[in-house]
Amino acid sequence: MKEEASSADRFLALVAAAQERDMRLSSIQAGLLVAAELGIACDSRSFAHKLGIAHALVLRELSALAERDALQIVERDPRTMRVHYRLAAL
């Protein structure tokens, strides 16, 4: 239980740090980047499920990041709408 809270605190601290580096990032966008970097979630449904947010909202934020070339969309499942992504090569 304590380890789980510590992991959540670390994740939130990394999200806040990402937003400080780039003020244009929403909290969900920063969370997507941190989750991809840490290997927590690399697809939209897993990210939405783990954070308890609507999948449609995650898809919208993913599209915004892909337009900015911050993430690369590598696969789309038209049946489930699941989008797999990875960090863009810098």
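Scope of this entry: the structure provided in the associated data block.

Parameters and conventions
Residues numbered from 1 in each chain as written. Predicted model: local features only at pLDDT ≥ 70, side-chain atom pairs only at ≥ 80, totals over all residues. Heavy atoms only, no water. 1 Å grid on protein atoms, 1.4 Å probe; cavity = no way out; pocket = protein on both sides within 12 Å on 5 of 7 lines; lining within 4 Å. Points joined across faces, edges and corners; volume = space filled by probe spheres on them. Helix = DSSP H or I, 4+ residues; strand = E, 2+ residues; numbered from the N terminus. Nonpolar A, V, L, I, M, F, W, Y, C, P; charged D, E, K, R; others polar. Pairing = 2+ DSSP bridges. Salt bridge = Lys/Arg side-chain N within 4 Å of Asp/Glu carboxyl O. Buried < 20%, exposed > 50% of the residue type's maximum accessible area, 1.4 Å probe, protein only. Contact = heavy atoms within 4.5 Å. Polar contact = N/O pair within 3.5 Å; in protein donor to acceptor, adjacent residues only side chain to side chain. Axes fitted to C-alpha atoms, helices over the stretch in contact; angles between N-to-C directions. Left-handed = near helix turned anticlockwise from the far one by under 90°.

1. As for the layout of surface pockets
What the largest pocket holds in volume is close to 390 Å³. Counting only elements with at least two residues in the lining of the largest pocket, the list comes to helix H1 (2-21) and helix H2 (27-38). Its residues assigned to classes, the lining of the largest pocket shows 12 nonpolar, no polar and five charged. In this structure, the second largest pocket occupies an estimated 160 Å³ of space. Lining the second largest pocket are Ser7, Ala8, Arg10, Phe11, Leu38, Ile40, Lys50 and Leu51.

2. Focus on the pairing of strand E1 (residues 71-76)
Relative to strand E2 (residues 83-87), E1 runs antiparallel, the two being bridged by five bridges. Looking at E2, one finds that Ile73 is bridged to Tyr85. With antiparallel pairing between neighbouring strands as the criterion, E1 and E2 make up a hairpin whose turn holds six residues, including Met81 at a positive phi of roughly 70 degrees.

3. Digging into the pattern of salt bridges
Taken as a whole and assessed by the stated rule, the structure comprises three salt bridges. One salt bridge connects Arg24 with Asp22, and the closest N-O pair in it is separated by 3.2 Å. For Arg68, the salt bridge is made with Asp22, and the minimal N-O distance between the two is 2.4 Å. Taken as a pair, Arg68 in the loop between helix H4 (55-67) and E1 and Asp22 in the loop between H1 and H2 lie far apart in primary sequence, 46 residues in all. Taking the relative accessible area as the measure of exposure, Asp22 reaches 18% and is therefore buried.

4. Side note on the environment of Arg82
Among the structural elements, Arg82 can be located in the loop between E1 and E2. Residues contacting Arg82, with those up to four places away along its chain left out, are Asp43, Ser44, Arg45, Ser46, His55, Glu75, Arg76 and Asp77. A distance of 2.7 Å separates polar atoms of two side chains, one belonging to Arg82 and the other to Asp43.

5. Let's talk about the packing of H1 against H2
Following both chains from N to C, one finds H1 and H2 inclined at 120 degrees, their axes separated by 9 Å at the closest point. Pair H1 / H2 crosses with right-handed handedness. Here Arg10, Phe11, Leu14, Val15, Ala18 and Gln19 of H1 lie close against H2, whose contacting residues are Ser27, Ala30, Gly31, Val34, Ala35 and Leu38. The residue makeup of the contact of H1 with H2, split by class, is eight nonpolar, three polar and one charged.

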